[in-house]
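Listed below, chain by chain, are the residues.
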Amino acid sequence: CNKAISRKADLPRHVRTHYKHNDAFMHACPFPKCTHKTLQKSNMQTHIRTHTGELSHWCPQCPFATTDSASLTRHRKNLHNYEP
């Protein structure tokens with residue numbers, strides 16, 4: 001495909017998204033009745049926090065808290081004009 005991958009270490013993970021039978025590489029959510037699957041283990045760890053309610057990322061400027069760092073960055077950019 002034509003996707004540009006910025007880090008060489010990320011290329012094998014991206015290539016797996018093109019495999020016809022990539023279910024063998026998927027991480028499935030261990031919570032009952034949840035069908036969420038992902039190729040990346042760290043994404044599954046973030047997803048699991050949606051079940052546990054663990055808020056591990058806190059905004060230093062207001063009471064906002066979230067389960068993942070990307071959501072915190074989006075929040076800070078949109079509400080606090082944060083520039084990483």
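Residues numbered from 1 in each chain as written. Predicted model: local features only at pLDDT ≥ 70, side-chain atom pairs only at ≥ 80, totals over all residues. Heavy atoms only, no water.

As annotated in an unreviewed UniProt entry, the protein chain is C2H2-type domain-containing protein from Suillus luteus UH-Slu-Lm8-n1.

### Looking at the packing of aromatic side chains
Under the convention used in this document: Ring pairs shown here join Phe, Tyr and Trp side chains whose ring centres sit within 6.5 Å, with only the six-membered ring taken for Trp; geometry is labelled stacked below 30 degrees between planes, edge-to-face above 60, and tilted in between. Geometrically, a lysine NZ or arginine CZ counts as sitting over a ring once it is within 6 Å of the ring centre and also within 35 degrees of the ring normal.
All chains considered together, the criterion is met by 0 aromatic pairs. In this structure, Arg76 is placed above the aromatic ring of Tyr82, and the distance from its NZ or CZ to the ring centre is 3.8 Å.

### Quick word on the pattern of salt bridges
We apply this condition: The working definition used for a salt bridge is a side-chain nitrogen of Lys or Arg within 4 Å of a carboxyl oxygen of Asp or Glu. With a 1.4 Å probe rolled over the protein chains alone, any residue whose accessible area is under 20% of its type maximum counts as buried; one over 50% counts as exposed, and the rest are partly exposed.
Counted by the stated rule, this structure contains 1 salt bridge. Here Asp10 ties to Arg7 by a salt bridge, and the two come within 3.0 Å at their closest N and O atoms. For Asp10, a relative accessible area of 15% gives the class buried.

### Considerations on the domain arrangement of the protein chain
By a widespread convention, an interface's size corresponds to the accessible area lost as its parts come together. We apply this condition: Segment limits for the domains were obtained from an automatic or database-derived domain assignment. Any two residues having at least one pair of non-hydrogen atoms within 4.5 Å are treated as being in contact. Using a 1.4 Å probe, buried area is obtained as the accessible area two parts lose upon being combined, added over both of them. Any pair of N or O atoms that falls within 3.5 Å is considered a polar contact. Within protein, one atom must be able to donate a hydrogen and the other to accept it, and sequence-neighbouring residues count only if both atoms are side-chain atoms.
If you check the domain split of the protein chain, you get domain 1 (9–52) and domain 2 (54–83). Its C-alpha centre places domain 1 at a distance of 24 Å from the equivalent point of domain 2. Counting residues at the interface gives 4 residues for domain 1, matched by 5 residues for domain 2. Taken over both partners, the interface formed by domain 1 and domain 2 buries close to 370 Å², and the fraction arising from carbon and sulfur atoms is 49%. Interface area lost by domain 1 to domain 2 is led by Thr46, Arg49 and Thr52, which between them contribute 92%. At the junction of domain 1 and domain 2, the tally comes to 3 residue pairs in polar contact (both at pLDDT 80 or more).

### What to know about unusual backbone geometry
Outside of glycine, negative phi angles account for most residues, and trans bonds account for most peptide bonds. Going by this rule: For the purposes of this entry, the term helix denotes a DSSP run of H or I that reaches at least four residues, the term strand denotes a run of E that reaches at least two, and both are numbered from the N terminus.
A positive phi angle, near 65 degrees, is found at Lys33, a position not held by glycine. Mapped onto the elements, Lys33 comes out in the loop between β1 (27–28) and β2 (37–38). Judged by its relative accessible area of 85%, Lys33 is exposed. With phi around 55 degrees, Asn81 is a residue other than glycine that occupies positive phi space. Among the residues examined, Asn81 registers a relative accessible area of 65% and is labelled exposed.

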